[in-house]
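Structural characterization, general
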Amino acid sequence: MNTLIRAACVAALAMCALPAMAQSCRDAVVLVHGNTGAPADWANTVAELKRRGYTDAQIHRPSWGSKTCAACNDHSGSEETPVLNAMVNAIAGSCTGKIDVITHSMGGTLAGRVIQQNGLRPYVQSFVGIAGAFRGLWTCGSYPWNVATSTCGYWGLSVGSPFLNGLNGARFGDRVHSIKSYYDQIVCGSGVCTVGGVHSSAIWGENSSTTYTYGHFGLLDYTAAKQVDLIQ
């Protein structure tokens, strides 16, 4: 009789453990910082992820590009490698086989390029672009004018650049979301936030777009809860 009771208890415990195991299995997350940024820029987002049960092994924060020369960084070459490596490692370690990608500023267009160029789209569950310039920056001019720097050149963020034209319309994940502001001093640096009547931080085919009144870096620092909500 005792053996039967013990067996029943073990079975009951196993049944209770199944939901917990399922709950702990979630997409790995890749956080891609902006131009001249650093992995530490994601401190609030990481804190929120951990508050909700994510572990260090589930959070990937690549460091890319020059930290001292913003005008030197573009979307082709050495900038791509750390982001690609982080995504590949995150996919390999994800128990769901998928990842969620949260980006800030130029990290959004860079991550989009890496996903598009390397066929990673089937592995991305959610893509969140915060304060990105997916349609270009008027401060970079309209290609091919006023594109003296790499950041604004062929592989950069001038409106109508060959790079942005090639990225336009690409799908970056099963679900795509943007976080934007009309007070963004970078995206709206020329005094105009829109390209063709659409906010430059909006992503084509997006599932949602949330607008705040924060500045460019406030959008990153003060929306951690929303960011994590969007990948749940």
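Scroll up a little and you will see the structure.
The sections below set out a description of the structure shown in this document. (Residues numbered from 1 in each chain as written. Predicted model: local features only at pLDDT ≥ 70, side-chain atom pairs only at ≥ 80, totals over all residues. Heavy atoms only, no water.)

Topic: the state of the cysteines
How we decide: In this description, the term disulfide denotes a pair of cysteine sulfurs within 2.5 Å. Partly exposed describes any residue whose relative accessible area lies between the buried limit of under 20% and the exposed limit of over 50%, with all areas from a 1.4 Å probe on protein chains only and scaled to the type maximum.
On inspection of all chains with the given rule, the structure shows four disulfides. The disulfide that involves Cys69 links it to Cys72, with 1.9 Å between the sulfurs. On the S-S bond that ties Cys69 to Cys72, the torsion sits near 70°, and the link is right-handed. We classify Cys69 as partly exposed; its relative accessible area is 24%. On the basis of relative accessibility, which here comes to 42%, the residue Cys72 falls in the partly exposed class. Across the disulfide, Cys188 is cross-linked to Cys193 (sulfur-sulfur distance 2.1 Å). The S-S bond linking Cys188 to Cys193 shows a torsion near 120°; that makes this disulfide right-handed.

Regarding the environment of Ser201
Heads up, the rule is: Numbering goes from the N terminus for both helices and strands, where a helix is a DSSP run of H or I of at least four residues and a strand is a run of E of at least two. By the convention used here, residues are in contact when the closest approach between their heavy atoms is within 4.5 Å. Nitrogen and oxygen atoms within 3.5 Å of one another constitute a polar contact, given that in protein one can donate a hydrogen and the other can accept it, and given that sequence-neighbouring residues count only through two side-chain atoms.
Inspection of the secondary structure puts Ser201 in the loop between strand E9 (198–199) and strand E10 (208–212). Once the C-alpha coordinates of Ser201 and Gly166 are considered, the two residues, 35 residues apart in sequence, prove to be 17 Å apart. Other than its neighbours up to four places away in sequence, Ser201 contacts Ala131, Gly132, Phe134, Ser178, Ile179, Lys180 and Val187. Reaching out from Ser201, the side chain makes a polar contact with the backbone oxygen of Gly132 at a distance of 2.6 Å.

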